[in-house]
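Structural description and commentary
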Amino acid sequence: MSKVEEFEELRPLLFSIAYRILGSVGEAEDAVQETWLRFDGTATRPTSAKSYLSAVVTRISVDVLRSARVRREEYVGPWFPEPLLSDPYQDPARSLDLADSVSMAALLMLERLSPLERAVFVLREVFAFDFADIAAAVGRSEAACRQLVVRARRHMEAGRPRFAADRQERQELAARFFAALKDGDVGGLRELLAADVQFVGDGGGKAPQLAKAVVGAQNVARVLGTVFPWLIRIDVSCEPHELNGQPGAIFRDRDGKVLHTLVLDVLDGQIQTIRAVINPDKLGHLGPVGDAWAVDRELRQARRRPS
């Protein structure tokens, strides 16, 4: 194989590693591109392209994450990962780990880890790399990497349930949710929500968003059932789509431009959390981004008009 062919074969894996470390589609793509430039610039071919390239993309991602942490500490409001339409890397032997690790809930739990803990956890627990390759990737001994995995695993297991609802069950529940959303059916929405459900938005100060999280089935159902039918009246469309391996939707303006996404965490037959990504900086990879401020103004005007 040529270098290009070898790299392209491994590109899905490299992106999937980088995205789980960074939580950003754009930064992951940049890390993969930088990995190619370094690979192309090497005079010798490594014995294992997979080990070499995985190590390079991991080191680049860890460096980027360290600088990103400072920006995230200054972020306006809640910070969510960029929504991912589909994971390009598939491995039937690890399908459950891959799906679970890319969910919004899991990525937010990974934010609690140090950059090194996060990288080691991703390589070992998600992609099943051996400790020799992990040690080479992060520049630590195998013993140190084992300790990092133990610490990371403890943090991850402490606060994160596995969203292991049956895929068909999740899809059916999501279909009922979005049907009730379009109809403004507050009672129908309330039946699908956990008692302590949370509705949270990430606008980053660059788009209209909730002043704070809405908590409780009645409150969330009322907010959703009141606002979303009005969005439909001003030609905002709701496009159901799986995001980060979970049921969700992309909302578009009348010109088809992306306004925001919704992702549903489903557990025990109920929706536990609803996360909206509204920050336009996080939506560009989904298509042209609309003007959420203009839509918000139009929405307010429509709701003030007499029936």
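Treat the numbers as computed from the prediction; the structure is a model and nothing was measured. (Residues numbered from 1 in each chain as written. Predicted model: local features only at pLDDT ≥ 70, side-chain atom pairs only at ≥ 80, totals over all residues. Heavy atoms only, no water.)

1. Structural notes on the overall build of the chain
For the chain, the helix and strand inventory stands at twelve helices and six strands. By the compact-globule yardstick of 19 Å for 307 residues, the chain fits well, its C-alpha radius of gyration being 21 Å. The principal-axis extent of the C-alpha atoms belonging to the chain is close to 75 × 35 × 35 Å. Within the chain, buried positions represent 51% of all 307 residues. Pairs at least 24 apart in sequence give 68% of the contacts found in the chain among residues at least 6 apart. Accessible surface for the chain amounts to roughly 14,400 Å². Of this, 50% is attributable to carbon and sulfur atoms. One way to put it: in the chain the 41 positive side-chain charges average out to a point 4 Å from where the 43 negative ones average out. (Helix = DSSP H or I, 4+ residues; strand = E, 2+ residues; numbered from the N terminus. Rg over C-alpha atoms; globule rule 2.2 N^0.38 Å. Buried < 20%, exposed > 50% of the residue type's maximum accessible area, 1.4 Å probe, protein only. Contact = heavy atoms within 4.5 Å. Areas by Shrake-Rupley, 256 points an atom, 1.4 Å probe, with all protein chains shown as cover. Lys, Arg positive; Asp, Glu negative; His and termini not counted. Charge placed at Lys NZ, Arg CZ, Asp CG, Glu CD.)

2. With respect to the pairing of strand S5 (residues 258–267)
In summary, the side chains of a regular strand alternate between the two faces of the sheet. Taking burial as the measure, the ten residues of S5 include ten buried ones, the bulk of the element. Here five bridges tie strand S4 (residues 246–252) to S5, and the two strands are oriented antiparallel to one another. Each bridged residue has a counterpart across the sheet, and for Arg 252 the counterpart in S5 is Val 258. Between S4 and S5, which pair antiparallel in sequence order, lie five residues; one of them, Gly 256, sits at a positive phi of approximately 85°. Connecting the antiparallel pair S5 and strand S6 (residues 270–277) is a turn made up of two residues, with Asp 268 showing a positive phi of about 55°. (Pairing = 2+ DSSP bridges.)

3. Description of the sheet that holds strand S1 (residues 193–202)
The sheet built from six strands is open, its strands ordered S2-S1-S6-S5-S4-S3 with mixed pairing. Here the strands that pair on one side only, and so sit at the sheet edges, are strand S2 (214–215) and strand S3 (237–243). The pairing of S5 with S6 spans seven bridges and is antiparallel. Counterpart to Val 266 in the pairing with S6 is Ile 271. Lying on the sheet, helix H11 (residues 217–233) is in contact with S1, S2, S4, S5 and S6; it crosses S1 at an angle near 50°. (Axes fitted to C-alpha atoms, helices over the stretch in contact; angles between N-to-C directions.)

4. Some words on helix H1 (residues 3–22)
Structural remark: α-helix, 3.6 residues per turn; residues separated by three or four positions point the same way. Along its length, H1 shows its largest kink, about 50°, at Arg 11, and proline Pro 12 lies within four residues downstream of that point. Along H1, 14 of the 20 residues are buried, which leaves the element largely enclosed by surrounding structure. (Bend = angle between axes of the 7 residues up to and from the residue.)

5. Let's talk about the side chain of Thr 261
Mapping Thr 261 onto the fold places it in strand S5. By relative accessible area, Thr 261 is classed as buried at 0%. Residues within four places of Thr 261 in sequence aside, it is in contact with Pro 83, Leu 243, Ala 249, Ile 250, Arg 275, Ala 276, Val 277, Leu 283 and Leu 286.

6. Points about the nonpolar core
Soluble globular proteins tend to pack their nonpolar side chains together in the buried interior. Counting 51 residues, the largest nonpolar core has Ile 17, Tyr 19 and Phe 127 as its most contacted members. Taken together, the elements giving at least two residues each to this core come down to H1, helix H2 (25–40), helix H3 (49–73), helix H5 (104–110), helix H6 (115–126), helix H7 (131–138) and helix H8 (142–159). Considering every element that reaches this core, the biggest residue donor is H1, with ten residues. Residues in contact with Phe 127, not counting those within four places in the same chain, are Leu 13, Ser 16, Ile 17, Arg 20, Tyr 89, Arg 94, Leu 98 and Val 122. In terms of nonpolar packing, the next biggest core, distinct from the first, is built from 36 residues, Leu 193, Val 197, Ala 207 and Val 220 among them. (Core = buried A, V, L, I, M, F, W, Y, C linked by side-chain atoms within 4.5 Å.)

7. A word on the packing of H1 against H2
Axis separation between H1 and H2 bottoms out at 8 Å; the angle between their running directions is 145°. Read as a crossing pair, H1 and H2 show a hand that is right-handed. Counting all contacts with H1, which are made through Lys 3, Val 4, Glu 6, Phe 7, Arg 11, Leu 14, Phe 15, Ala 18, Tyr 19 and Leu 22, the residues of H2 involved are Val 25, Glu 27, Ala 28, Glu 29, Ala 31, Val 32, Thr 35, Trp 36, Phe 39 and Asp 40. (Left-handed = near helix turned anticlockwise from the far one by under 90°.)

8. Some thoughts on unusual backbone geometry
Although it is not a glycine, Ala 128 sits at a positive phi angle of roughly 60°. Looking at where Ala 128 falls in the secondary structure, it is placed in the loop between H6 and H7. Judged by its relative accessible area of 39%, Ala 128 falls in the partly exposed class. Even without glycine at this site, Asp 235 takes up a positive phi of about 70°. Positionally, Asp 235 belongs in the loop between H11 and S3.

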